[in-house]
Amino acid sequence: MPLTLRPATPADADAVAKIWYHGWQDGHLGNVPESLVRIRTRESFWERAAERVGDTTVALASGEVAGFVMVVGDEVEQVYVSSDHRGSGVAGVLLTEAERLVSEGGHSRAWLAVAPGNARARRFYERCGWVDDGEFDNRVAGPEGLVLVPCRRYVKTVPHLVD
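Note that residues are indexed from 1 along each chain, following the sequence as it is written. The predicted origin of the model limits local features to residues at a pLDDT of at least 70 and limits the giving and counting of side-chain atom pairs to 80 or more, whereas totals for whole chains, interfaces and linings rest on all residues. Excluded from the side-chain calculation are hydrogens and water; included are all heavy atoms of the structure.

Below, the discussion takes up the nonpolar core. Residues grouped as a nonpolar core are buried Ala, Val, Leu, Ile, Met, Phe, Trp, Tyr and Cys residues, joined through side-chain atoms within 4.5 Å. Note on classification: 1.4 Å probe, protein chains only; a residue is buried when its accessible area is under 20% of the maximum for its type, exposed when over 50%, partly exposed between these limits. Counting 29 residues, the largest nonpolar core has Trp20, Trp24, Val32, Leu36, Val58, Phe68 and Val149 as its most contacted members. Between two residues, a contact is recorded if the distance between any of their heavy atoms is within 4.5 Å. Not counting residues up to four positions away in its chain, the partners in contact with valine 58 are Thr4, Leu5, Arg6, Ala8, Asp12, Val16, Val65, Gly67, Phe68 and Leu94. In terms of nonpolar packing, the next biggest core, distinct from the first, is built from 22 residues, Val79, Ala98, Leu112 and Val158 among them.

Structure below.
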């Protein structure tokens, strides 16, 4: 199935939020502190998806959003694929695009955070050439201050884009 990648638009926010909410539940429940689960309400995904359109690239399959990535600076903040498209190669295409965006932004190394218990994501990143760079506390902004989330930092050297 051919994929089209493009920057997200405000019209994509609902589809992104649905994929993000369900994917986050799959990968994070039981793997992150309860304090984070409490602030990751269903509504929070819709609010954040709308706020983050400018950082988001979507993958379209047959005209529908099949997945997305969010990149800020050298960080690949989010990589999610709808359950209908898992295992179809969408995630790999999105991760490659995220690496390209990091490089395009002038960075030589990309990083991302993974919950230690999210074994499926960790295996995927390792298959894609990412390396576990160790433990760190990811600082997540919440309504009552920062929530520290124990994570693994994965890194990858990204090729420099030639002008």
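Having seen the model, we can carry on.
For the rest of this paragraph, the subject is the packing of aromatic side chains. Put simply, two rings from Phe, Tyr or Trp (the six-membered ring, in Trp's case) pair if the centres are within 6.5 Å, and we call them stacked under 30 degrees between planes, edge-to-face over 60, tilted for the rest. All told, the structure shown has 10 aromatic pairs when counted by the stated rule. Seen from their ring centres, tryptophan 111 and phenylalanine 136 are 5.7 Å apart, and the 80° between their planes marks the pair as edge-to-face. Of this pair, tryptophan 111 sits in strand E5 (residues 109-114) while phenylalanine 136 sits in strand E6 (residues 131-142); the two residues are 25 residues apart in sequence, bridging distant segments of the chain. For tryptophan 111, a relative accessible area of 14% translates into the label buried. Plain terms: the ring middles of tyrosine 125 and tyrosine 154 are 6.2 Å apart, the flat faces sit at 50° to each other, and that makes the pair tilted. Placement of tyrosine 125 in helix H5 (residues 119-127) and of tyrosine 154 in strand E7 (residues 145-157) is noted, with a sequence separation of 29 residues between them. The burial state of tyrosine 125 is the same as that of tyrosine 154; both residues are buried. Secondary structure follows DSSP: runs of H or I at least 4 residues long count as helices, runs of E at least 2 residues long count as strands, and numbering of each begins at the N terminus.

Attention now moves to the side chain of aspartate 12. In this fold, aspartate 12 is placed in the loop between strand E1 (3-7) and helix H1 (13-28). Setting aside anything within four residues of it in sequence, one finds aspartate 12 in contact with Arg6, Pro7, Val58 and Val65.

What follows is about the packing of H1 against helix H3 (residues 42-51). Fitted lines through C-alpha atoms serve as axes, helices being fitted only where they are in contact, and the angles separating the N-to-C directions of these axes extend from 0 to 180 degrees. It is at 8 Å that the axes of H1 and H3 come closest, and there the two elements cross at 135°. By the angle class used here, H1 and H3 are oblique. Note that H1 runs across H3; the crossing there is right-handed. Along its contact with H1, which presents Ala13, Asp14, Val16, Ala17, Lys18, Trp20, Tyr21 and Trp24, the element H3 presents Arg42, Phe45, Trp46, Arg48, Ala49 and Ala50. Each residue is assigned to one of three groups, with Ala, Val, Leu, Ile, Met, Phe, Trp, Tyr, Cys and Pro labelled nonpolar, Asp, Glu, Lys and Arg labelled charged, and all others, Gly among them, labelled polar. When the residues that make up the contact of H1 with H3 are grouped by side-chain class, the tally is 10 nonpolar, no polar and 4 charged. Note on angle classes: values under 35 degrees are labelled roughly parallel, values over 145 roughly antiparallel, values of 65 to 115 roughly perpendicular, and the remainder oblique. Take the far helix as your reference; a near helix turned counterclockwise from it by less than a right angle gives a left-handed crossing, and one turned clockwise gives a right-handed crossing.

By themselves, these observations are geometric and do not establish any function.
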